[in-house]
Protein chains: 2
Amino acid sequence: MTPDEFRAAGHALIDWIADYRATLEQRPVRTGVEPGDVLSRFPTVPPEDAGSFDELLTALEDRVVPGLTQIQHPMHYGWFPANAALASVLGDIASSGLGALGISWESAPALTEVEQVVCDWLRQLTGLSEEWSGTIHDTASTSCLTALLVARETAARSYDDQGMASLDRQPVVYCTSQAHSSVKKAALLAGFGEANVRLVDHDPSTFAMDPDDLAHRIDDDLAAGRHPVAVVATVGTTGTTAIDPVGAIVDVARRHDGIWIHVDAAMAGSAMILPECRHLWQGVEGADSLTWNAHKWLGTILDTSLFYTRRPDALIQVMSTNPSYLWSKADGQVVQYRDWGIPLGRRFRALKLWFHLHLDGADALRARLRRDLDNARWLARQVEAASDWEVVAPVPLQTICVVHHPDHNTVDGVESTNAHTLRWVERVNASGRAYLTPTMIAGRWIARVSIGVETQERHHVKRLWRLMCDAAQSAAAEGAVPDGHTSAFDGSER
Amino acid sequence: MTPDEFRAAGHALIDWIADYRATLEQRPVRTGVEPGDVLSRFPTVPPEDAGSFDELLTALEDRVVPGLTQIQHPMHYGWFPANAALASVLGDIASSGLGALGISWESAPALTEVEQVVCDWLRQLTGLSEEWSGTIHDTASTSCLTALLVARETAARSYDDQGMASLDRQPVVYCTSQAHSSVKKAALLAGFGEANVRLVDHDPSTFAMDPDDLAHRIDDDLAAGRHPVAVVATVGTTGTTAIDPVGAIVDVARRHDGIWIHVDAAMAGSAMILPECRHLWQGVEGADSLTWNAHKWLGTILDTSLFYTRRPDALIQVMSTNPSYLWSKADGQVVQYRDWGIPLGRRFRALKLWFHLHLDGADALRARLRRDLDNARWLARQVEAASDWEVVAPVPLQTICVVHHPDHNTVDGVESTNAHTLRWVERVNASGRAYLTPTMIAGRWIARVSIGVETQERHHVKRLWRLMCDAAQSAAAEGAVPDGHTSAFDGSER
């Protein structure tokens, strides 16, 4: 494809994207496709001859968009706000157009140094001290794995020797059952073994880690000859945006040498651009690494997981490689981000953060997040004021966890309420007018309302509340027989 | 930013990208910036107020582009061809514009199913049997780590128990010293320990793994009570595009139970769309996993590392998570790519492969790769025909490894030739007219000419050959005193 062919197609694509974003609200939020529907509309054999761009635009419209849950829709309240702000999309487009290759400073100095710039800007914006150095990973899963690998190696020093199999003490990692599934996954991938993933108790009403239980478990493991090597504290859990008490956790962990403290603020990190929210990670300056996803609430498009550490030397020691074909005279004077994570090659991801911050400005980002916090508090007040509804977890940020109790159901216990919750949530989702994701907390199903889509205003949240009330009433009237959706779940918490 | 503001800025950006690509050849290939130059041209504090898009376009032109080594320049012969074909860039732009979120099939069915489609198209195009299932990872480093983690868990079954520290036998992984640095890195991250990374002998002239030595080392390890768990065979090494004999390696490894065979064809995989090249990975059907980077020679923009396995169940067993907030009624009927790798969230990367294949067509991709192979053979013939030049490794693909021997230097031995090589390569690179990367092979510095930039035609390669001859002559005339560039290297092979 020549630059002029690209120019013509590119203009058409920009218009298509602008139209798509402008008309998003007219689409159903949840896709109606069934498994295999999209697949079946593609040829089974690859294209031998060049095809037209018009065909692709038509296919985007007819085959792709109907096959997506519309995450950017202002009536999307599922999972988490996965904003893809158009300002950041422009940065992503610039990155694609440049086609730069980050494998060393020399291959693309600007790619490296703009990443240093924007990571430092976000360090300042979130109120972190100058002790922190940052880089961009793809996701918080990768960031957590990176942290646990560095923790393991720093504690066990298996490098340059016989590896983990020669360790004389079992290494242990601590988190709560409310931590993201990626924490356990990372611990297993890092070779800790499930028996060495210690689920510390959490407060039954706030879902926050109990630091006293952490202290006891560390003591028990030490007494049993095991080796505590890492604590993962979550600031803003996936289920309820619960806030582990970072300061108290740091105090406990620092009674012992060599425990790496990683703070997983994937969701809540965005809020730290608001000074009034920073009490939520009070004590973070005592941690060793932290991660938060600018591709969630802040709105820089995937994949933009920020990873900060106060101990870059430990990170580099574990991650560095230095093959001769990557040597250059700049070595030793520059940052080599290949030594800050798992992949060697990297895209120019800093551009999307730069464009986003430059075009929107920090002030406007703060205003938007404050709008969302107001909307969340407004919805929480409505739910609390309604006699048949319950807010089942604290609302420190933008996620409201709710249960509806229909009159005829109140005596039927948890099982019936669970079925009712799944039924009314499915009614909302099946309508295409809004989207929520349920989750299981402490053995019962709850509905999560995750606020924070970029274009989501108060009137959208009001509309959601009406939809929720209507769906809950209809579901209650319908009776207690579980529908197809409900039966897809086996009810056990995993 | 509103859709209409995006529309205006997007059109300007598309034009800027088209102009950038059209005028690339007028720019110096290697950036002239010094460490810190780019950084110093950015504000040290983040932008509080919204800025204009024009400022960004100016900054791209003035601060970013001069700070990049122009990987897409037709006179770029460094590292490897990291093509970012404009057809694939359009797919990347569509992905950014959609802002889809891949965390489960339900969040974006089209994201999942188009990935299934394009991975299967590329399976067919590279002549792999239907036994292989594919997914897209970011880089071959991540793919190799994934393979070794699955190998470790499949062999050692440390899941659901005490982890690696409880293993009674040291797990061992096998590769050669010519394998990419990411293989050793992956082995260390996977906890094998450096003492358990076995560097199998390679043929001194082809740089290919010696399968007899592999057999001996496996036997030795078994006799010593260690546990052989993985072999990484490289098809197209980074240094010389050497080809490990996959068929013979499979035959050796399959004499024992449970050795995972991973084929790292990061560079050479693209060539497998040419039937005449497939003898280079003869035997690959006996492997367990393989990876190749469509973001190299094939030209789909970063990050598009294809990972195939004949054992998806083993992969899923190691990588799967299933938290309640991701359950849906489609579970069990659909592919959940979060269980095929490390990250949970994924971009819609399949679009760039789809757009690339659709807009260019497989026929044209094959023609381009054949052009590059012809160009490489042409250059190899010129080098071979010149009495003062030497081709120092076989040329199975598009990389030519060369050394120049100036007359007055022939008696001075390896050290002097090394200095001369670094000197003339630096002359080429400093001219801005072409770019090469030297590497150290078997104790001596060689120059690598890596052919295969999308816009690189025969006349570019002819021009390079003239530049190489001129630079080598000038460097020889200049004498034997190492310059600044040379002294940056300590001369040891790492």
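Residues numbered from 1 in each chain as written. Chains lettered and ligands numbered in written order. Predicted model: local features only at pLDDT ≥ 70, side-chain atom pairs only at ≥ 80, totals over all residues. Heavy atoms only, no water.

With that settled, consider the overall build of chain A. Tallying secondary structure elements over chain A gives 15 helices and 12 strands in all. Taken over the C-alpha trace, chain A has a radius of gyration of 24 Å; the compact-globule value for 494 residues is 23 Å, and the two agree within 12%. Its C-alpha atoms put chain A at 70 × 70 × 45 Å along the principal axes. A burial count over chain A gives 68% of its 494 residues as buried. Carbon and sulfur atoms form 48% of the exposed surface of chain A, whose accessible area is close to 15500 Å². The centroid of the 43 positive side-chain charges in chain A is displaced by 2 Å from the centroid of its 63 negative side-chain charges. (Helix = DSSP H or I, 4+ residues; strand = E, 2+ residues; numbered from the N terminus. Rg over C-alpha atoms; globule rule 2.2 N^0.38 Å. Buried < 20%, exposed > 50% of the residue type's maximum accessible area, 1.4 Å probe, protein only. Areas by Shrake-Rupley, 256 points an atom, 1.4 Å probe, with all protein chains shown as cover. Lys, Arg positive; Asp, Glu negative; His and termini not counted. Charge placed at Lys NZ, Arg CZ, Asp CG, Glu CD.)

This next bit is on the sheet that holds strand β6 (residues 260-264) of chain B. All names here are of chain B. Taken in spatial order, the seven strands make up an open sheet running β2-β8-β7-β6-β5-β3-β4, and their pairing is mixed. The open sheet has two edge strands, β2 (133-137) and β4 (197-200), and neither has a second partner. This sheet shows a mean twist of 20 degrees between the axes of neighbouring strands, independent of strand direction. The sheet contact formed by strand β3 (residues 171-176) and β4 spans four bridges and is parallel. If you follow Cys175 over to β4, its bridge partner there is Leu199. (Pairing = 2+ DSSP bridges. Axes fitted to C-alpha atoms, helices over the stretch in contact; angles between N-to-C directions.)

Quick look at the interface of chain B and chain A now. The interface of chain B with chain A comprises 172 residues on the first partner and 172 residues on the second. Around 14200 Å² of area is buried between chain B and chain A when both sides are counted, 66% of it from carbon and sulfur atoms. It is Phe6, Tyr325 and Trp327 of chain B that lose the most area in chain B upon contact with chain A, and together they represent 6% of the buried surface on that side. Here chain B is connected to chain A by 10 salt bridges. The residue Arg347 of chain A makes a salt bridge to Asp92 of chain B at a minimum N-O spacing of 3.0 Å. Taken together, chain B and chain A are joined by 65 residue pairs in polar contact (both at pLDDT 80 or more). (Contact = heavy atoms within 4.5 Å. Buried area = accessible area lost by both parts, 1.4 Å probe. Salt bridge = Lys/Arg side-chain N within 4 Å of Asp/Glu carboxyl O. Polar contact = N/O pair within 3.5 Å; in protein donor to acceptor, adjacent residues only side chain to side chain.)

Think of an α-helix as turning once every 3.6 residues; residues three or four places apart then point the same way. When we look at burial in helix α2 (residues 53-64) of chain B, the residues that qualify are Phe53, Leu56, Leu57, Ala59, Leu60 and Val64 of chain B. Angular distribution of buried residues about the axis of α2 of chain B spans 160 degrees; they occupy a single face of the element. (Arc of directions from axis to C-beta.)

Here we come to the sheet that holds strand β11 (residues 435-441) of chain B. Residues and elements named next belong to chain B. Read across the sheet, five strands follow the order β1-β11-β12-β10-β9 without closing on themselves; strand pairing throughout is mixed. In this open sheet, the two edge strands, each paired with only one partner strand, are β1 (76-77) and β9 (389-391). Bridge count for β1 against β11 is two bridges, and the pairing is parallel. Note that in β11 the partner of His76 across the bridge is Tyr435.

This brings us to the relation of the copies chain B and chain A. Between chain B and chain A, which share one sequence, the superposing operator has a rotation angle of 180 degrees and an axial displacement of 0.0 Å; the RMSD is 0.0 Å. Read as a symmetry element, the transformation amounts to a two-fold axis. Closest to the rotation axis within chain B is the C-alpha of Ala165 of chain B, separated from it by 2.3 Å. Both copies contact each other with a shared surface, as 100% of the interface residues of chain B are interface residues in chain A too. (Least-squares fit on C-alpha atoms with pLDDT ≥ 70 in both.)

Once that is clear, we can look at the packing of aromatic side chains. Any aromatic ring pair is given by two values, namely how distant the centres are and how the planes are angled relative to each other. Residues and elements named next belong to chain A. Using the criterion set out here, one finds 20 aromatic pairs over all chains in the structure. On the basis of an interplanar angle of 70 degrees and a centroid distance of 5.4 Å, the ring pair of Tyr337 and Trp340 is categorised as edge-to-face. One exposure class covers both Tyr337 and Trp340, and it is buried. Directly above the aromatic system of Phe80 lies the positively charged group of Lys296, at a separation of 4.3 Å from the ring centroid. The ring of Trp132 is capped by Arg310, whose NZ or CZ atom sits 5.9 Å from the centre of that ring. (Phe/Tyr/Trp six-rings, centres within 6.5 Å; stacked < 30°, edge-to-face > 60°. Lys NZ or Arg CZ within 6 Å of the ring centre and 35° of its normal.)

Right, let's talk about the pattern of salt bridges for a bit. Side-chain pairs of opposite charge can arise where the charged atoms are in close proximity. For the structure on display, the rule yields 66 salt bridges over all chains. Asp4 of chain A serves as the salt-bridge partner of Arg7 of chain A, at 3.2 Å between the closest nitrogen and oxygen. Within this pair, Arg7 of chain A and its partner Asp4 of chain A are both found in helix α1 (residues 3-22), separated by three residues, close to a single helical turn. In this structure, a network of salt bridges that share partners links the residues Asp92, Asp303, Arg347, Arg349 and Lys352 of chain A together with Asp92, Asp303, Arg347, Arg349 and Lys352 of chain B.

Residue and element names in this part refer to chain B. On the surface, Arg381, Arg433, Arg458, Lys462 and Arg466 cluster together into a patch of positive charge. The dominant element in the positive patch, judged by the number of residues it contributes, is helix α13 (residues 458-478), at three residues. Following the sequence through the fold, Arg466 ends up in helix α13. (Patch = residues over 30% accessible without salt bridge, like charges linked within 9 Å, V, L, I, M, F, W, Y side chains within 5 Å.)

With that settled, the discussion passes to the pairing of β11 of chain B. Residue and element names in this part refer to chain B. For β11, a buried count of seven out of seven residues is recorded, marking the element as mostly surrounded by other parts of the structure. The two faces of β11 match: Tyr435, Thr437, Thr439 and Ile441 on one face and Leu436, Pro438 and Met440 on the other face are all buried. Where β11 and strand β12 (residues 444-450) come together, five bridges link them in antiparallel fashion. In the sheet register, Ile441 faces β12, and the bridge partner there is Arg444. The antiparallel pairing of β11 with β12 creates a hairpin that spans two residues between the two strands, and Ala442 there sits at a positive phi of about 50 degrees.

With that out of the way, let us pick up the pairing of strand β8 (residues 305-309) of chain B. Residues and elements named next belong to chain B. Among the five residues in β8, five count as buried, and that is most of the element. Here β2 pairs with β8 via five bridges, running antiparallel. From the neighbouring strand, Thr135 faces β8, where its bridge partner is Phe307.

With that out of the way, let us pick up the state of the cysteines. Residues and elements named next belong to chain A. Applying the stated criterion to the full structure yields zero disulfides over all chains. Left unpaired, Cys119 is separated from the closest cysteine sulfur, that of Cys144, by 18 Å. The thiol of Cys469 is not disulfide-bonded; the next cysteine sulfur, from Cys401, is found 17 Å away. Cys469 sits in the partly exposed class, given a relative accessible area of 22%. (Disulfide = S-S within 2.5 Å.)

Looking now at the nonpolar core. By size, the foremost hydrophobic cluster in this structure holds 262 residues, and its most contacted members are Phe348, Trp354 and Trp424 of chain A together with Phe348, Trp354 and Trp424 of chain B. Each residue touching Trp354 of chain B, except ones within four places of it in the same chain, is listed here: Phe42, Leu56, Ala59, Arg63 and Val64 of chain A together with Val114, Val118 and Trp121 of chain B. (Core = buried A, V, L, I, M, F, W, Y, C linked by side-chain atoms within 4.5 Å.)

Turning next to the environment of Gln382 of chain B. Examined against the element boundaries, Gln382 of chain B turns out to sit in helix α11 (residues 362-385). C-alpha of Gln382 of chain B to C-alpha of Asn322 of chain B: the two residues are 60 residues apart in sequence and 58 Å apart in space.

It is worth spelling out the packing of helix α1 (residues 3-22) of chain B against α2 of chain B at this point. Residues and elements named next belong to chain B. In the contact formed by α1 and α2, the axes pass within 11 Å of each other and the chain directions differ by 15 degrees. The pairing of α1 with α2 is recorded here as roughly parallel in orientation. Here the hand of the crossing between α1 and α2 comes out right-handed. Counted together, Ala9, Ala12, Leu13 and Trp16 of α1 and Phe53, Leu57, Leu60 and Glu61 of α2 form the full contact between these two elements. Grouping the constituent residues of the contact of α1 with α2 by class yields seven nonpolar, no polar and one charged. (Parallel < 35°, antiparallel > 145°, perpendicular 65-115°, else oblique. Left-handed = near helix turned anticlockwise from the far one by under 90°. Nonpolar A, V, L, I, M, F, W, Y, C, P; charged D, E, K, R; others polar.)

The next point concerns helix α6 (residues 140-156) of chain A. Look at α6 of chain A: 24 Å from first C-alpha to last across 17 residues, which is about the 24 Å you get at 1.5 Å a residue. Where burial is concerned, most of α6 of chain A is hidden: 15 out of the 17 residues are buried. (Expected span 1.5 Å × (residues − 1).)

This next bit is on the packing of helix α5 (residues 140-156) of chain B against helix α6 (residues 181-189) of chain B. Residue and element names in this part refer to chain B. In the contact formed by α5 and α6, the axes pass within 9 Å of each other and the chain directions differ by 45 degrees. Taken together, α5 and α6 sit at an angle that is classed as oblique. For α5 against α6, the interelement crossing comes out right-handed. Listed contacts from α6 to Ser141, Cys144, Leu145 and Leu148 of α5 are Ser182, Val183, Ala186, Ala187 and Leu189. Classifying every residue of the contact of α5 with α6 by side-chain character gives seven nonpolar, two polar and no charged.

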